[in-house]
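# Geometric and topological summary
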Amino acid sequence: MSDPISQHIGSIALVVEDYDDAIEFYTQKLAFTLVEDTDLGDGKRWVLVSPPNSNGTHLLLAKASNTAQANAVGNQTGGRVFLFLHTNDFWRDYRQMEANGVVFNEEPRVEPYGTVVVFQDLYGTKWDLLQLNSASN
């Protein structure tokens, strides 16, 4: 008998202009943890960051290495929200991010599924900060 299928997304690549600037933003402004920063040679690094107490999915901060990648920095989804940061305390995290100088694209709003606000990273990549209602979890 074969094992049941078991999969998960380990990392999501996010193209950035500069490793150190991106690390600083994610660890200082969003309070993410630097999970790994390994030099791969030739100016490449394996950089993983993750939200506090994350379930194991990491962001792989990948420095743009050609013109096409550089053009995608901050706009990897054609202007749509790219990533969704779920929280167990929206207002705590919103206020902390606001105090840390994170740019918000709108005022927080309450939707049928939860409380949400769009913010952007240092390159303009759009994120949702989201606290789902208990019925939506």
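Every chain begins its residue count from 1, and numbering advances along the sequence as written. Totals for whole chains, interfaces and linings use all residues, but because this is a predicted model, local features are given only for residues with pLDDT of at least 70 and pairs of side-chain atoms are given and counted only at 80 or more. For side-chain calculations, the full set of non-hydrogen atoms in the structure is used, while hydrogens and water are omitted.

The name an unreviewed UniProt entry gives the chain is VOC family protein, with Vibrio ulleungensis as the organism.

## Quick word on the pairing of strand 9 (residues 126-132)
This is how it is decided: The pairing criterion is simple: DSSP has to find at least two bridges between the two strands. Helix and strand labels come from DSSP, where a helix needs a run of H or I of at least four residues and a strand needs a run of E of at least two; each type is numbered from the N terminus.
Pairing geometry for strand 5 (residues 83-86) and strand 9, over four bridges, is parallel. Counted as the bridge partner of Leu83 is Trp127 from strand 9. Relative to strand 9, strand 8 (residues 114-120) is paired through seven bridges, and the arrangement is antiparallel. Residue Gln120 lies in a different strand from strand 9, and its bridge partner there is Lys126. Linking strand 8 back to strand 9 in an antiparallel pair, the connection comprises five residues, with Gly124 at a positive phi of about 100 degrees.

## Here we look at helix 1 (residues 19-29)
Count 3.6 residues to each turn of an α-helix, and residues three or four apart come out pointing the same way. Basically, it comes down to this: Only protein chains enter the calculation, and the probe is 1.4 Å; a residue is then buried if its accessible area is under 20% of its type maximum, exposed if over 50%, and partly exposed in between. Note on definitions: a residue-residue contact is assigned when non-hydrogen atoms from the two residues lie within 4.5 Å. Within 3.5 Å is the distance limit for a polar contact, defined as a pair of N or O atoms, with the added protein rule that one can donate a hydrogen and the other accept it, and that residues adjacent in sequence qualify only through two side-chain atoms.
Of all the positions in helix 1, only Tyr19, Ala22, Ile23, Phe25, Tyr26 and Thr27 are classed as buried. Elements in contact with the buried residues of helix 1: strand 1 (11-16), strand 2 (33-41), strand 3 (44-50), strand 4 (58-63), strand 8 and strand 9. Its side-chain oxygen placed 3.1 Å from the backbone nitrogen of Asp20, Asp18 serves as the N-cap of helix 1. Following helix 1 by one or two positions, Ala31 has its phi on the positive side, about 60 degrees.

## Quick word on the UniProt feature "domain: VOC" (unreviewed entry) in the chain
For the record, the criterion: UniProt positions are given in the numbering used here, feature names are shortened, and annotations may be inferred rather than shown by experiment.
Residues annotated in UniProt with the feature "domain: VOC" (unreviewed entry) correspond here to residues 8-132. In residues 8-132, helix accounts for 22% and strand for 41%; the two terminal C-alpha atoms are 21 Å from one another.

## Let's talk about the sheet that holds strand 1
We apply this condition: Only the stretch in contact is used when a helix axis is fitted, and all axes are lines through C-alpha atoms; the angle between N-to-C directions ranges over 0 to 180 degrees.
Pairing within the open sheet is mixed, and its four strands lie in the order 1-4-3-2. The sheet is open, and its two edges are formed by strand 1 and strand 2, each paired on a single side. The average undirected angle you get between the axes of adjacent strands in this sheet is 25 degrees. Note: strand 1 against strand 4, six bridges, orientation parallel. Opposite Ala13, over in strand 4, you have Leu60 as the bridge partner.

## As for the packing of aromatic side chains
The geometry of an aromatic ring pair comes down to the distance between the two centres and the angle between the two planes. Put simply, the rule is: Aromatic pairing here means that ring centres of Phe, Tyr or Trp (its six-membered ring) are within 6.5 Å. Orientation follows from the plane angle: under 30 degrees is stacked, over 60 is edge-to-face, and everything else is tilted.
For the structure on display, the rule yields 10 aromatic pairs. Here Phe119 and Trp127 contribute two aromatic rings whose centre-to-centre distance is 5.6 Å and whose plane-to-plane angle is 20 degrees, an arrangement assigned as stacked. A relative accessible area of 0% means that Phe119 is categorised as buried. Among the residues examined, Trp127 registers a relative accessible area of 3% and is labelled buried. Members of the aromatic cluster, joined through ring pairs, are Phe25, Tyr26, Phe32, Phe90, Trp91, Tyr94, Phe104, Phe119 and Trp127.

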